[in-house]
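Now for the letters of each chain:
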Amino acid sequence: MLKNKVNYKLLNFLLLTGIVFLMYQTGNLWTGVASKIFSIVGPFLFAFAFAYALYPFLHYLESKKIPKGIAVFIVIGLVLGLLAITIGLIAPLLFEQLSSLFNSIIAFLKELSLDYDLNIGPLQADLSAAFNDIIKSLSKYISDGAMNFIGVSMNAISMIVIGFSAAIYFLIDMGKIRDGVKRFLRLRSKKTYRYVQLLDHEMTNYFNGFFKIVLITLFEYTIAFYIIGHPNALLLGFLAAVATLIPYFGGIITNCIASITAFVISPALFIRTLIAFFILSNLDGYVINPFVYGKTNSVHPIIVILSVFAGGILAGVVGIIISLPVAILIISTLKYFKEDIVDKWKDIKDNKEEKAS
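Residues numbered from 1 in each chain as written. Predicted model: local features only at pLDDT ≥ 70, side-chain atom pairs only at ≥ 80, totals over all residues. Heavy atoms only, no water.

Here the focus is helix 7 (residues 190-227). Here helix 7 is 38 residues long and its end C-alpha atoms lie 55 Å apart, about the 56 Å a rise of 1.5 Å per residue gives. Capping the start of helix 7, Ser189 holds a side-chain oxygen 3.4 Å from the backbone nitrogen of Lys191, two or three residues further along. Phi turns positive one or two residues past the end of helix 7, at Gly229, with a value near 85°. (Helix = DSSP H or I, 4+ residues; strand = E, 2+ residues; numbered from the N terminus. Expected span 1.5 Å × (residues − 1). Polar contact = N/O pair within 3.5 Å; in protein donor to acceptor, adjacent residues only side chain to side chain.)

This is the structure we're talking about:
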């Protein structure tokens, strides 16, 4: 009798609303607690993600009958080697070209103000001050072609060391971790196992394609800008490779910077840069990306823009970087559970029609 009188849906809704209200009122407390927890767990989460991204390469080496210990050594050695080359050889060149790039942008603003009688003196002064601060900050860390870690806090160094060490152990045990998760999911639910297997397949394709795209972009843009005679070819190639972390907009930003600096140097270089911009954009969009990613991980540009915008609002730079893989996970989830979602909506609709009749 009492069960028929109590509206449990309304009661659950009120209870949920009360919980959300209390969490909102005590937001500062929960934010502090979450920050402390993330400061402890964060390095290990990043270490696991790093090991997960490198595991396909380790698995490939093991499939070639290379012992696991040697394969792990090769993977870690390549990562450290690339890092050392970037810091020891490329960083000084990038530093020189960065100064030239900043000077070109300031010269572009001066020429723009003279040609069109625009008052952009405050903007020019702010940019000059900002660029000088960046150069001064970088100069503290670059000395004779090597990074100077004196100004880096011991806390940051310890976090990096702990995270990298954890990544090595995660990489060594990644096969066992994956097998353990597979056994657990098979026992619990075959559908959940297939779902996680799908997500793992999509993320593996994404990371494989991403690493290939980074390397291809680095050489592609560096060589292209070197051929057209752009003085900042290496810097622009490096920026283009890093900008692949920002879906859709990274390449546009790099090409805009290249066009601005070329415009300051000469009209001929500006035209060559625009031609290179057009060729590289079409080459990336219609040849390289489809060839690398294939039919997997194909996301509509509107979805990419929306995910980048939402990621930037919710989590800043980190949100922008992880926006594309998160979008891939969400799309894969919707595709996998599409039939269940449609059937659920049909059941709800049928129940409403039955009650109405």
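Having put the structure on the table, let's press on.
This brings us to the packing of helix 7 against helix 11 (residues 301-336). One can describe the packing of helix 7 onto helix 11 by two numbers: an axis separation of 10 Å at closest approach and a directional angle of 145°. Considering the relative orientation of helix 7 and helix 11, their crossing is right-handed. On helix 11, the residues that touch Lys191, Arg194, Tyr195, Leu198, Leu199, Glu202, Met203 and Tyr206 of helix 7 are Leu324, Pro325, Ile328, Leu329, Ser332, Thr333 and Tyr336. Residue classes in the contact of helix 7 with helix 11 are distributed as 10 nonpolar, 2 polar and 3 charged. (Axes fitted to C-alpha atoms, helices over the stretch in contact; angles between N-to-C directions. Left-handed = near helix turned anticlockwise from the far one by under 90°. Contact = heavy atoms within 4.5 Å. Nonpolar A, V, L, I, M, F, W, Y, C, P; charged D, E, K, R; others polar.)

Moving on, we get to the packing of aromatic side chains. This model, assessed by the stated rule, comprises 9 aromatic pairs. With centroids separated by 5.4 Å and ring planes inclined at 65°, the aromatic side chains of Tyr206 and Phe207 adopt a geometry described as edge-to-face. We classify Tyr206 as buried; its relative accessible area is 8%. Members of the aromatic cluster, connected to one another through ring pairs, are Tyr52, Tyr206, Phe207, Phe210 and Phe211. (Phe/Tyr/Trp six-rings, centres within 6.5 Å; stacked < 30°, edge-to-face > 60°. Buried < 20%, exposed > 50% of the residue type's maximum accessible area, 1.4 Å probe, protein only.)

For the structure shown, the criterion picks out 1 salt bridge. One salt bridge connects Asp200 with Arg178, and the closest N-O pair in it is separated by 2.8 Å. Of the two residues, Asp200 sits in helix 7 while Arg178 sits in helix 6 (residues 154-188), which places them 22 residues apart along the sequence. (Salt bridge = Lys/Arg side-chain N within 4 Å of Asp/Glu carboxyl O.)

Once that is clear, we can look at a nonpolar patch on the surface. On the surface, Val33, Ile37, Phe38, Ile40, Val41, Leu45 and Phe46 cluster together to form a nonpolar patch covering roughly 670 Å² of accessible area. Looking at the secondary structure, you find Phe38 in helix 3 (residues 27-63). (Patch = residues over 30% accessible without salt bridge, like charges linked within 9 Å, V, L, I, M, F, W, Y side chains within 5 Å. Areas by Shrake-Rupley, 256 points an atom, 1.4 Å probe, with all protein chains shown as cover.)

This paragraph deals with the side chain of Arg178. By relative accessible area, which is 19% here, Arg178 ends up buried. A polar contact is formed between the side chain of Arg178 and the side chain of Asp200, at a distance of 2.8 Å. If near-sequence neighbours (up to four positions away) are discounted, Arg178 is found in contact with Tyr52, Tyr55 and Asp200.

Moving on: the packing of helix 7 against helix 8 (residues 233-243). One can describe the packing of helix 7 onto helix 8 by two numbers: an axis separation of 8 Å at closest approach and a directional angle of 155°. Taken as axis vectors, helix 7 and helix 8 run roughly antiparallel relative to one another. For the pair helix 7 and helix 8, the crossing hand works out as right-handed. Contacts between helix 7 and helix 8 involve Val214, Thr217, Leu218, Tyr221, Thr222, Phe225 and Tyr226 from the first element and Ala233, Leu234, Leu236, Gly237, Phe238, Ala240 and Ala241 from the second. (Parallel < 35°, antiparallel > 145°, perpendicular 65-115°, else oblique.)

Core analysis: the largest hydrophobic core is formed by 22 residues, its most contacted members being Leu58, Leu171 and Tyr206. Taken together, the elements giving at least two residues each to this core come down to helix 3, helix 4 (68-116), helix 6, helix 7 and helix 11. Sequence-distant contacts of Leu58, defined by excluding residues within four places in its chain, comprise Lys68, Ala71, Val72, Val75 and Leu171. One finds Ile228, Ala240, Ala262 and Leu280 within the second-largest nonpolar core, a separate group that totals 12 residues. (Core = buried A, V, L, I, M, F, W, Y, C linked by side-chain atoms within 4.5 Å.)

Attention now moves to the confidence of the model for the chain. Looking at the chain, pLDDT values average 75 and 66% of them are 70 or higher. When pLDDT is averaged over each helix and strand of the chain, the minimum, 42, is found for strand 2 (residues 146-147) and the maximum, 86, for helix 7. In the model, residues 141-152 has pLDDT below 50 throughout and makes 17 contacts with residues more than four positions away in sequence or in other chains. (pLDDT = per-residue confidence, 0-100.)

Let's shift gears to unusual backbone geometry. A positive phi angle is found at Lys65, which is not glycine, with a value near 65°. Looking at where Lys65 falls in the secondary structure, it is placed in the loop between helix 3 and helix 4.

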